[in-house]
Amino acid sequence: MIFLVAGKANGEVLKLDEPLSFWGGVDPATGEITDLRHPQGGMSVKGKVLMMPFGRGSSSGSSVIAEGIRSGSGPAGIIMMEADEIITLGAIVADEIYGKAMPVTVVGKNEYEKYSTGDLVAISEDGITLS
Amino acid sequence: MTVNLSEFDQSCLDGQEGPAAASAMRVIVRLAEAMKATELLDVTSAHIDSCLYHGPAVLDFAKWLEDQGAKVKIPTTLNVSSLDLIHPDLYRGDEDWGIQAKLLMDCYERMGCKPTWTCAPYQLEERPKFGEQVAWAESNAIVFANSVLGARTHRYGDFIDICAAICGRAPAAGLHLDENRKGDILFRVDGLNDALLDRDVFYPVLGHLVGKNSGNGIPVIQGLPDGVSEDRLKALGAAAASSGSVGMFHAVGSTPEASTTEEAFLGTDPTDVIDVTPEKIIAARDQLSTASDSRIGAVSLGTPHYSVQEIKKLFELFDSESVNPEVNFYVSTGRDVLTEASLRGFVKPLEDAGVIFVTDTCTYITPIMEAVTLPVMTDSAKWAYYAPGNLGVEVIFGAVEDCVASGISGDLSVDSKIWVDG
């Protein structure tokens, strides 16, 4: 596991079938997935350990991530298979200005496939563990 | 991995260039580490997407920089915001949200950014040259800069744009570097009739299909006519950056790093080959509409911001007709483009015909449009992609010719013959 943004998280996994653009895809005030074309549209990212293969869509996603971390309606942590700068930036800035560190991590395919929606996981400097 | 910092980078981090540069450099270096960059590079211009209000965090961030004395070091343009400062009455949103949005806009102007308020900075007089390293945010501007101008920017999100503008530096990684600009996936346009390839409406549909099938790789499109216009490439790129995470594409014979398919792939083999067939194009077109009513309530054009050429075409299509009184007809564009189109005589007749021009913002990111229960028609795949989620409207995608005909009559008018092979 590689940290793009270091931090700790505990939460239930929400594994997305397709990448999600946070801007235009998530309401930062509630955490609801508002992209109706997305297979998980209508579900909430709030407090979840969000898994998606890679990032997608608008540059404004960074702002939506930062706003979600500020308001407490964002994910608890994010696990991907490939680095995504838009997501990473939102988390870096929330850490810088609010001191709230939401971990953003990259894992290999084998580890990515180990977790499914509903699993309770913890992210820490020791890695990702089922709890 | 650690990033090798130049003397200047280190002096920023150490605070010798002031506290704002220190904070901005810290964000750049943290991103550089995440991107596995080994060093930073100079950038000559920036385009800021962070000026759109999404809630308190974005204003907190801008104030955090400004309070530390931040000023941009390189020419910096501003993307759309939530307000139309030229036509302020168009804003129908929450009053406090509007006040916060204006505070954010003012903050970026005070940091020295140019109040261009457009998502199409490549339509401004000064734009990056081939090979120039820049730090641009806004997904459609990124894909245009890389693909059409041959300038080099990574797929930047909000926040890093202003940090790069303050320091004039960005991570030397991603699309800044030669090796990351080669094609990955080959799209072969084949078996489509030439008449369709000569229609504007084909290009956003192709972009939608390409974006959906590119993963995070760089698509190479083969089989288009040579010298596809900038407006068509703009529509293609914006669509691909909405349906996928495309930061750059090559259109063989049109974009500057793809005079041949081999050049676009830098001599390597594609990881995947996808044939763009008439069936796939029609399926992609149909994915862009959520409704098929016989009446429409509104039309929205100009996502990304319409160019002078596109406004001229609209002027010609209206041909002295007027918008139906039951339809609201919006065109989003940049204030600079609107000024030029006005000087060329296209704007007043269109306004007299009932067209509402929106500047500095866009109809799908802020409450501008009057509430409609009937579907909204658009020629933009990006608008069609985002508006249903953002605004809760039904959308019908169509050619600009169809949008104008429908806007004049109020009845949905679609020329579906152009999509049929032969």
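What comes next is a walk through the structure. (Residues numbered from 1 in each chain as written. Chains lettered and ligands numbered in written order. Predicted model: local features only at pLDDT ≥ 70, side-chain atom pairs only at ≥ 80, totals over all residues.)

Concerning the overall build of chain A
Along chain A, the regular secondary structure elements total three helices and seven strands. Of the regular secondary structure in chain A, the N- to C-terminal order runs β-β-β-α-β-α-β-α-β-β. Principal-axis analysis of the C-alpha atoms places the extent of chain A at approximately 35 × 30 × 20 Å. The buried share of chain A, reckoned over its 131 residues, is 53%. Partitioning the contacts of chain A with sequence separation of at least 6, the portion at a separation of at least 24 is 76%. (Helix = DSSP H or I, 4+ residues; strand = E, 2+ residues; numbered from the N terminus. Buried ≥ 20, exposed ≤ 12 C-beta atoms within 10 Å, placed from the backbone. Contact = placed C-beta atoms within 7 Å.)

Some details on the sheet that holds strand E11 (residues 328-333) of chain B
Residues and elements named next belong to chain B. Strand order in this open sheet of five strands is E12-E11-E10-E13-E14, and the pairing throughout is parallel. Two strands in the sheet have a free side with no partner beyond their single neighbour: strand E12 (355-359) and strand E14 (395-397). On average, adjacent strands in this sheet sit at an angle of 25 degrees to one another, irrespective of strand direction. Where strand E10 (residues 298-306) lies against strand E13 (residues 376-378), three bridges are found, and the strand directions are parallel. In the sheet register, Ala298 faces E13, and the bridge partner there is Val376. (Pairing = 2+ DSSP bridges. Axes fitted to C-alpha atoms, helices over the stretch in contact; angles between N-to-C directions.)

Points about helix H6 (residues 160-167) of chain B
Note that an α-helix has 3.6 residues per turn; residues three or four places apart therefore point the same way. Within H6 of chain B, eight of the eight residues are buried, which leaves the element mostly enclosed by the surrounding structure. Once H6 of chain B finishes, Gly168 of chain B follows within two positions and takes phi at roughly 70 degrees, a positive value.

So, the interface of chain B and chain A
Taken together, the contact between chain B and chain A spans 35 residues of the former and 34 residues of the latter. Breaking the side of chain B that touches chain A down by element, the ones donating at least two residues are helix H2 (19-34), helix H3 (56-67) and helix H15 (381-391) of chain B. If one sorts the elements of the side of chain B that touches chain A by residue count, H3 of chain B sits on top with six residues. Across the side of chain B that touches chain A, the residue classes tally to 16 nonpolar, twelve polar and seven charged. (Nonpolar A, V, L, I, M, F, W, Y, C, P; charged D, E, K, R; others polar.)

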